[in-house]
Amino acid sequence: MVFFGFSLYWFVYAGLLFSGLCYAADPFANFELEFDYLTVSPLGVSQQVIAVNGKFPGPTLNVTTNYNVVVNVRNKLDESLLVTWPGIEMRRASWQDGVIGTNCPIPAKWNWTYQFQVKDQIGSYYYVPSINFQRAAGGFGGFIVTNRKVISLPFNTPDGDIVITIGDWYTRSHKDLRASLDAGKELGMPDGVLINGKGPFKYNSSVPDGIEHETLNVDPGKTYRVRVINVGVSTCLNFRIQSHNLLLAEAEGHYTSQQNYTSLDIHVGQSYSFLVTMDQNASSDYYIVASARFVNQSEWQRVTGVAVLHYSNSKGRASGPLPDPPNDGTDTSFAVNQAMSIRMNNTASGARPNPQGSFRYGSINVTDVYTLRNVPPLTIDGKLRATYNGISFVNPNTPVRLADNYKLKGSYKLDFPNTPLNRPPTMDRSLINATYKSFVEIILENNDTAVQSFHMDGYSFFVVGMAYGEWTENSRGSYNRWDAIARSTTQVFPGGWTAILVYLDNVGVWNLRTVNLDKWYLGQETYLRIVNPEDDGQKTEMPPPDNVLFCGALAHMQKPQQGSSSAPTSLQESLKLNFTIMMSFLAVIIYMIP
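Residues numbered from 1 in each chain as written. Predicted model: local features only at pLDDT ≥ 70, side-chain atom pairs only at ≥ 80, totals over all residues. Heavy atoms only, no water.

## So, the overall build of the chain
Line of reasoning, step 1. Each helix and strand in the chain was counted, giving six helices and 35 strands.
Line of reasoning, step 2. Expressed as a percentage of the 594 residues in the chain, the buried residues total 57%.
Line of reasoning, step 3. Within the chain, contacts between residues at least 6 apart in sequence are counted, and of these 79% link residues at least 24 apart. (Helix = DSSP H or I, 4+ residues; strand = E, 2+ residues; numbered from the N terminus. Buried < 20%, exposed > 50% of the residue type's maximum accessible area, 1.4 Å probe, protein only. Contact = heavy atoms within 4.5 Å.)

## Remarks on the sheet that holds strand β21 (residues 304-311)
Line of reasoning, step 1. Within the open sheet, the five strands sit side by side as β13-β21-β20-β15-β18. Their pairing is mixed. Edge positions in the sheet fall to β13 (215-218) and β18 (264-266), since each has one partner strand and no second. Strand-to-strand, the axes of this sheet are offset by a mean angle of 25 degrees, without reference to chain direction.
Line of reasoning, step 2. As defined by bridge partners, strand β15 (residues 237-241) adjoins β18 across three bridges and the pair is classed as antiparallel. Counted as the bridge partner of Asn-238 is Asp-265 from β18. (Pairing = 2+ DSSP bridges. Axes fitted to C-alpha atoms, helices over the stretch in contact; angles between N-to-C directions.)

## Points about the layout of surface pockets
Line of reasoning, step 1. Empty space within the largest pocket amounts to approximately 800 Å³.
Line of reasoning, step 2. Forming the boundary of the largest pocket are 27 residues, of which Glu-89, Asp-120, His-254, Gln-356 and Phe-359 lie nearest the centre.
Line of reasoning, step 3. Within the residue set of the lining of the largest pocket, elements represented by two or more residues are β30 (461-468) and β33 (496-503).
Line of reasoning, step 4. A per-class count over the lining of the largest pocket returns 12 nonpolar, eight polar and seven charged. (1 Å grid on protein atoms, 1.4 Å probe; cavity = no way out; pocket = protein on both sides within 12 Å on 5 of 7 lines; lining within 4 Å. Points joined across faces, edges and corners; volume = space filled by probe spheres on them. Nonpolar A, V, L, I, M, F, W, Y, C, P; charged D, E, K, R; others polar.)

## Some remarks on the nonpolar core
Line of reasoning, step 1. Judged by nonpolar contacts, the single largest core of 139 residues is most densely connected at Phe-35, Trp-85, Tyr-114, Phe-143, Phe-274 and Phe-454.
Line of reasoning, step 2. At six residues, β30 tops the list of elements feeding residues into this core.
Line of reasoning, step 3. Ranked by size, the runner-up nonpolar core spans 14 residues in total, among them Tyr-126, Phe-140, Ile-229 and Val-515. (Core = buried A, V, L, I, M, F, W, Y, C linked by side-chain atoms within 4.5 Å.)

## Observations concerning the pairing of strand β6 (residues 68-75)
Line of reasoning, step 1. With seven of its eight residues buried, β6 lies for the most part within the structure.
Line of reasoning, step 2. Inspection of the sheet shows strand β3 (residues 28-40) paired to β6 by eight bridges, in the parallel sense. If you follow Phe-31 over to β6, its bridge partner there is Val-71.
Line of reasoning, step 3. As judged from the seven bridges shared by β6 and strand β8 (residues 111-117), these two strands associate in the antiparallel manner. Looking at the pairing, Asn-68 lines up with Gln-117 of β8.

## Quick notes on the pattern of salt bridges
Line of reasoning, step 1. Following the criterion strictly, the structure yields 26 salt bridges and no others.
Line of reasoning, step 2. In this structure, Glu-32 and Arg-74 form a salt bridge, with 3.2 Å as the shortest nitrogen-oxygen distance. Separated by 42 residues along the polypeptide, Glu-32 in strand β3 and Arg-74 in strand β6 bring together distant segments of the chain.
Line of reasoning, step 3. Assessed through its relative accessible area of 44%, Glu-32 is described here as partly exposed.
Line of reasoning, step 4. Across the pair Asp-483 and Arg-343 runs a salt bridge, and its minimum N-O distance is 3.1 Å. Here Asp-483, found in the loop between β30 and β31 (486-487), pairs with Arg-343, found in the loop between α3 (332-340) and β22 (368-374); they are 140 residues apart in sequence, far enough to count as distant.
Line of reasoning, step 5. Judged by its relative accessible area of 31%, Arg-343 is partly exposed.
Line of reasoning, step 6. The network of salt bridges with shared partners includes Arg-401, Asp-404, Arg-529 and Glu-541. (Salt bridge = Lys/Arg side-chain N within 4 Å of Asp/Glu carboxyl O.)

## Notes on a nonpolar patch on the surface
Line of reasoning, step 1. A contiguous nonpolar surface patch, about 230 Å² in accessible area, is contributed by Phe-359, Ile-364 and Tyr-503.
Line of reasoning, step 2. Within the secondary structure, Phe-359 sits in the loop between α3 and β22.
Line of reasoning, step 3. Look at Phe-359 and you get partly exposed, because its relative accessible area is 36%. (Patch = residues over 30% accessible without salt bridge, like charges linked within 9 Å, V, L, I, M, F, W, Y side chains within 5 Å. Areas by Shrake-Rupley, 256 points an atom, 1.4 Å probe, with all protein chains shown as cover.)

## Here's the deal with the environment of Pro-420
Line of reasoning, step 1. Assignment of secondary structure puts Pro-420 in the loop between α4 (400-405) and β26 (426-428).
Line of reasoning, step 2. For the pair Pro-420 and Tyr-370, spaced 50 residues apart in sequence, the C-alpha separation works out to 9.4 Å.
Line of reasoning, step 3. Setting aside residues up to four positions removed in sequence, Pro-420 forms contacts with Thr-371, Arg-373 and Asn-389.

## A closer look at unusual backbone geometry
As a rule of thumb, non-glycine residues mostly have phi less than zero, and peptide bonds are mostly trans rather than cis.
Line of reasoning, step 1. Phe-56 connects to Pro-57 through a cis peptide bond whose omega is -5 degrees.
Line of reasoning, step 2. You can see Pro-57 is positioned in the loop between β4 (47-52) and β5 (61-64).
Line of reasoning, step 3. Unusually for a residue other than glycine, Asn-53 sits at a positive phi of about 55 degrees.
Line of reasoning, step 4. Asn-53 gets classed as partly exposed once you look at its relative accessible area, which sits at 36%.
Line of reasoning, step 5. One non-glycine residue with positive phi stands out, namely Asp-120, at about 55 degrees.
Line of reasoning, step 6. On the basis of relative accessible area, Asp-120 is assigned to the partly exposed category, the value being 27%.

## Some remarks on the state of the cysteines
By definition, a disulfide links the sulfur atoms of two cysteine residues through a covalent bond.
Line of reasoning, step 1. Taken as a whole, this structure holds one disulfide when the rule is applied.
Line of reasoning, step 2. At a sulfur-sulfur separation of 2.1 Å, the disulfide partner of Cys-104 is Cys-551. Residues Cys-104 and Cys-551 are joined through a disulfide that is left-handed, its torsion about the S-S bond being -80 degrees. Separated by 447 residues along the polypeptide, Cys-104 in the loop between β7 (83-84) and β8 and Cys-551 in the loop between β35 (525-531) and α6 (571-592) bring together distant segments of the chain. Across the pair, exposure class does not vary: Cys-104 and Cys-551 are buried alike. (Disulfide = S-S within 2.5 Å.)

Written out as structure tokens, the structure is:
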């Protein structure tokens, strides 16, 4: 039988093929995350934090390379919420990025479902609120992407996996902290450092009684993969475990050349995996320490997080002085040398079976160069603001790609300068008009007095150079063009520079920002707008999701939320629906056979 020019055989074959695509495709991982307030006392002072599923910090999400991730976020806060996923590259899907330039916020008491794929990724990441200074109140948790079974690890399989979140912490609420910034005041010194949401172990009399600390239980002789993530507000922390070596194995999704550290500086937003072997005699428990770096140590002594490593055969409590932080004093080279010692393991396979080093970034010609320079916060139009290249970013009322999709004019400008300009600072909605598939050099210059973390959504970049002093053309001669670590967050030391290289092959609108929350809140960010000029069929970028939220000039298009859930039809459900329609259609055809 022939039906509309096609044989029934090929129709049935197409249906079976379609069904195979539906059910043989990459698996789905579904999560429900409920953000709500919780009263706790991590530093001995009762305060309201943001919990996820009733936990502070929130649960760790575990998926495998290439999984389709569906996360339904329920916002039970009293203000809007957005959740972002730093380091997850979101191929072709900046709609799911969860920052205010790409997504309308989830209103209070609403929920919204994120859908994205962790395509060709492995490693240690996290999720976190991106607006309203909410990160200072919590709402964060680990996000782990494990290797597929067919891809071997570049080390023996660990006996266990431990996720540790560290971060500076204020006892004031996030609303009070942002009000201080709105009033032109600095945040001041944090009140402490939390490890997995808990305060310090009472290692001396300076720690108040009654503070709950974190204890990590381990067995002697075993090796654990310890993933450490700095989710704090603005403080670099030095991480160390008393009497134990930290064998560095992974940094933000890329396996590193394995080397031992007694301690490692972890800047805000950065994450690492260490292999830690429990090879001590367990005469007592051991300290786990996260202490502030690049500050006046005597004044900041109380800003120290202390947890306990407890062997199952331990003979007593940890006691005595904490292990010392790096004693580099005025030696500015130590921190830079440590950072540049983190190299890519070019012989290891990452998410794919080919070695990570197969991308010869050092031999690619740079097509575009951008310099992003920051200075200390300053007053613009009567407000305290932070800048890149003299521009303090003002988020558009209508997210950029939403404005593009609905041909809304005037929402933003594509005039962000490639280099700092000699003009008065201003507040503006300036974006970088980036070129699709260009190979870009970005030079980050920190003219502030505090160390900064820089993050780029949607990409990993190669950290090829870093130094104190002024960057010049001759600085390129010091670049690492062979095994520089690829990551999504890097430090820029005060009075120094960091150079990165990145291939702009991921279409969308991607946020460039300082991760230091106070400076980010004050406008130290911009966006890369990357559009494929030849894409008229949305082959290189996903269309707006069916559940897209509307705000700003398009707010009138937003429908009220129905019932207790506005969770849209997920991609998984859409595939099943399409399959059902196809099979029903085939059934009709078969029924029509004479």
